[in-house]
Amino acid sequence: MKYAFYPGCVARGGTPELYDSTIAVAAKLGIELDEIVGAACTGAGVLQEKGLKLGDTLNARTFALAERMGLTTILTICSTCQGVMSQANHRLLNDAAYLAEINEELKPEGLEYTGRVVVKHLVWVLVEEVGLDTLRPLVVNPLPSLKVAPFYGCYILRPSWALGLDENPGREFYLERIIEACGAEPVNFPGRTKCCGFPILLINEANSTAMVGNHTASAKEHGADAMVTPCPLCHLNLDGYQPKAAAQRGEKIGLPILHLPQLLGLAFGISPKELGLQKHIVSAKPVLEKASVRA
């Protein structure tokens, strides 16, 4: 299986361990990732609020680059990228005049988007294309002692009309299925589909930090040893601001936050160092102890 790989900005900057662990896991799964060279940021929803056409043009350019590579499925490892690109693609594919207008903007680079691209997050690819029956035999280090809370966040679930949830309602539970395939136990908790607080971090840090505290403390109260998220922006907030959230609440939390490929990597027997587990703010050592893996 070969995909046009769009890692997004954060996996190349703020959370490089996500990029590295994705490459390691993809090799185990036989997934060929052909990275889209020269692709721009999706706009992360922020740009779109001020300039929708500019945001859609940037994403159409990325789609056109993938088509020029001869690939029509873009694989992303960022929920925010998934959501923003899905919305842009929906607008482009449902308005021929708008697509033609944007293609005029792409002409100076010799690019044209013909509308053949599908954007799929790694979570969807694992379940829908690789298949859990293919994934399970690769688990050489099952994790039966590990209880993991899934954290979806916003952009991979909303708006449902752009994300294909009507056609694929199971996508709301794919993280749980992958956790189980790794031999671990999924932990349900109230915040699994809520916002992590990252979008308001720069305008209301106190409320954003409180959201981090609410989600992580709740997951831990429900028995979680760790939390796994498919979004690097959620990871930045839930991991990076968790110590401040604990101080704000006046209690210890200490819940390790894993990127999805890191959880898979542990189950596949990939070393914690290669997965970048030493780079987190909240120590992943309790996870390694539960997984019977040496740091």
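Caption draft 1: Inspection of the packing of helix 6 (residues 122-130) against helix 9 (residues 174-181) at higher detail. In contact at an axis separation of 10 Å, helix 6 and helix 9 are set at 65° when each is read in the N-to-C sense. Accordingly, the angle class assigned to the pair helix 6 and helix 9 is roughly perpendicular. Helix 6 and helix 9 meet at a crossing whose hand is left-handed. Touching Val-123, Trp-124, Leu-126, Val-127 and Glu-128 of helix 6 are Tyr-174, Leu-175, Arg-177 and Ile-178, all from helix 9. Across the contact of helix 6 with helix 9, the residue classes break down as seven nonpolar, no polar and two charged.

Caption draft 2: Broad picture of the side chain of Thr-22. Here Thr-22 is to be found in helix 1 (residues 16-29). Reaching out from Thr-22, the side chain makes a polar contact with the backbone oxygen of Leu-18 at a distance of 2.7 Å. Here Thr-22 is in contact with Phe-5, Leu-33, Ile-77 and Pro-261, once residues within four sequence places are set aside.

Caption draft 3: Fine view of the sheet that holds strand 3 (residues 73-76). Read across the sheet, four strands follow the order 2-1-3-4 without closing on themselves; strand pairing throughout is parallel. Strands at the two margins of the open sheet, each flanked by one partner only, are strand 2 (32-35) and strand 4 (118-121). Put simply, the sheet's adjacent strands are angled 40° from each other on average, direction ignored. Across four bridges, strand 1 (residues 2-6) lies against strand 2 in parallel orientation. Each residue of the ladder has a partner; that of Tyr-3, found in strand 2, is Leu-33. Contacts from helix 1 reach strand 1 and strand 2 within the one sheet, and its direction differs from that of strand 2 by about 140°. Contacting strand 1, strand 3 and strand 4, helix 3 (residues 52-68) crosses the sheet at an angle of about 120° to strand 3.

Caption draft 4: View of the pattern of salt bridges. Under the counting rule described, the total for this entry stands at 17 salt bridges. The salt bridge involving Lys-2 is made with Asp-34; its shortest N-O contact spans 4.0 Å. Here Asp-34 lies in strand 2 and Lys-2 lies in strand 1, a separation of 32 residues in the sequence. Under the relative-accessibility criterion, Lys-2 is labelled partly exposed at 42%. A network of salt bridges, in which partner residues are shared, links Lys-120, Glu-128, Glu-129 and Arg-171.

Conventions used here
Residues numbered from 1 in each chain as written. Predicted model: local features only at pLDDT ≥ 70, side-chain atom pairs only at ≥ 80, totals over all residues. Heavy atoms only, no water. Axes fitted to C-alpha atoms, helices over the stretch in contact; angles between N-to-C directions. Helix = DSSP H or I, 4+ residues; strand = E, 2+ residues; numbered from the N terminus. Parallel < 35°, antiparallel > 145°, perpendicular 65-115°, else oblique. Left-handed = near helix turned anticlockwise from the far one by under 90°. Contact = heavy atoms within 4.5 Å. Nonpolar A, V, L, I, M, F, W, Y, C, P; charged D, E, K, R; others polar. Polar contact = N/O pair within 3.5 Å; in protein donor to acceptor, adjacent residues only side chain to side chain. Pairing = 2+ DSSP bridges. Salt bridge = Lys/Arg side-chain N within 4 Å of Asp/Glu carboxyl O. Buried < 20%, exposed > 50% of the residue type's maximum accessible area, 1.4 Å probe, protein only.

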